[in-house]
Amino acid sequence: MVVEVTRPGKTSLLLSTPVMPAAGTVGFGDNYRRLVDYEKLGAIITNPVTIERWHPASGTRLAPLPGGILVHTGLPNPGLKSVIQQNRQVWEKLPIPVVLHLAGTSAPHMKRAGELIDGLDVIAGIELGLNDDIDEDEAFALVSAATAIEKPLLVRLPFYEACHLAPAALDAGADALVVSAAPRGTARDEHTGRLVSGRIYGPLVKPLVLRIVGRLRRQVPEEIPIIGAGGIHSPQDARDYIEAGAVAVQVDTATWAQPKMLERIARDLGGWIATRRKDALMDEWHPDMGQTEAAQRRNLG
């Protein structure tokens, strides 16, 4: 299987599986290597990176919600130059492409990012995250600046303005749309009693984002790939995004709760799940079994 997750062209990003961890899920490299078979994933999306160093958010960073969680990290990272220096050798050894997530800040920062990234074969593509409060003109300028980086460009749209900003991102040269960043919300911290803001994750996000994916699929040109992201906690959730018009998906919180679920979703959409024989005993089969393991068990038997 080969999945083209950016618009056709000489720099198209081709993946072997339409499943990736979302930005901020698995760190900058091989943090989950012992928990997930990376060869079954399509690509690694790194944690968000900024040109300058960003420190962690102060105060409450996590608040439980009914059926989900609110997270506020502040996007801590040591800055793009340090991230490349610290992870370049790791990226070179990974069996799948690395897509660097750049948190969109300013056009000049995009120019500086290009100076650091261009020529680095270990970075297969860029995912540009747009701020939630960005307007159309700002989005156009930011994406335009990012297209100067000679890499396939995925643009992750903010949840509330996804349909509104998509045309500007495409006019500026985006090669694919990621729909979407987790929605922002506010909840009361049960420990301090204060209201805190952050991004909302959980299964209930899926129906909301799924509707946006379907709407954008009807709105944007057919050759523009859409990658669905939000509330995916099972293979069927991922398949729903594909049916709605996405060519690939990104998985977030399910990976934190059940790391193996990311691989299970990738195996399912990539066609690597073995079909259970109706006469198989429970100790002969499990939901994560792939064709290789099934063949090995048959040979041992």
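Please refer to the structure higher up on the page.
Residues numbered from 1 in each chain as written. Predicted model: local features only at pLDDT ≥ 70, side-chain atom pairs only at ≥ 80, totals over all residues. Heavy atoms only, no water.

Asks: Any details on the sheet that holds strand β12 (residues 195-201)? Residues and values, ideally.
Replies: A sheet is described by the order of its strands in space; here four strands give the open sequence β5-β6-β12-β11, paired in antiparallel fashion. Unpaired on one side and paired on the other, β5 (62-65) and β11 (184-188) mark the two borders of the sheet. Taking the axes of each pair of neighbouring strands and ignoring which way they run, one obtains an average angle of 45° across the sheet. With five bridges joining them, β11 and β12 adopt antiparallel strand pairing. Looking at the pairing, Arg184 lines up with Arg199 of β12. (Pairing = 2+ DSSP bridges. Helix = DSSP H or I, 4+ residues; strand = E, 2+ residues; numbered from the N terminus. Axes fitted to C-alpha atoms, helices over the stretch in contact; angles between N-to-C directions.)

Asks: Account for the pairing of β12, with residues named and values stated.
Replies: The pairing of strand β6 (residues 68-71) with β12 spans three bridges and is classified as antiparallel. Each bridged residue has a counterpart across the sheet, and for Ile69 the counterpart in β12 is Tyr201. Counting the residues between successive antiparallel strands, the hairpin from β11 to β12 contains six residues, one of them, Gly193, with a positive phi of roughly 80°.

Asks: Before we move on, can you summarise the packing of aromatic side chains with the specific residues and values?
Replies: Going through the model one piece at a time under the given rule, you end up with two aromatic pairs. Look at Phe159 and Tyr160: their rings are 4.8 Å apart centre to centre, the planes differ by 85°, and that puts the pair in the edge-to-face class. Its relative accessible area of 11% is what places Phe159 among the buried residues. Assessed through its relative accessible area of 52%, Tyr160 is described here as exposed. Aromatic pair Tyr201 and Trp256: ring centres 5.7 Å apart, planes at 65°, arrangement edge-to-face. With Tyr201 in strand β12 and Trp256 in helix α7 (residues 253-257), this residue pair connects regions lying 55 residues apart in the sequence. For Tyr201, a relative accessible area of 16% puts it in the buried group. (Phe/Tyr/Trp six-rings, centres within 6.5 Å; stacked < 30°, edge-to-face > 60°. Buried < 20%, exposed > 50% of the residue type's maximum accessible area, 1.4 Å probe, protein only.)

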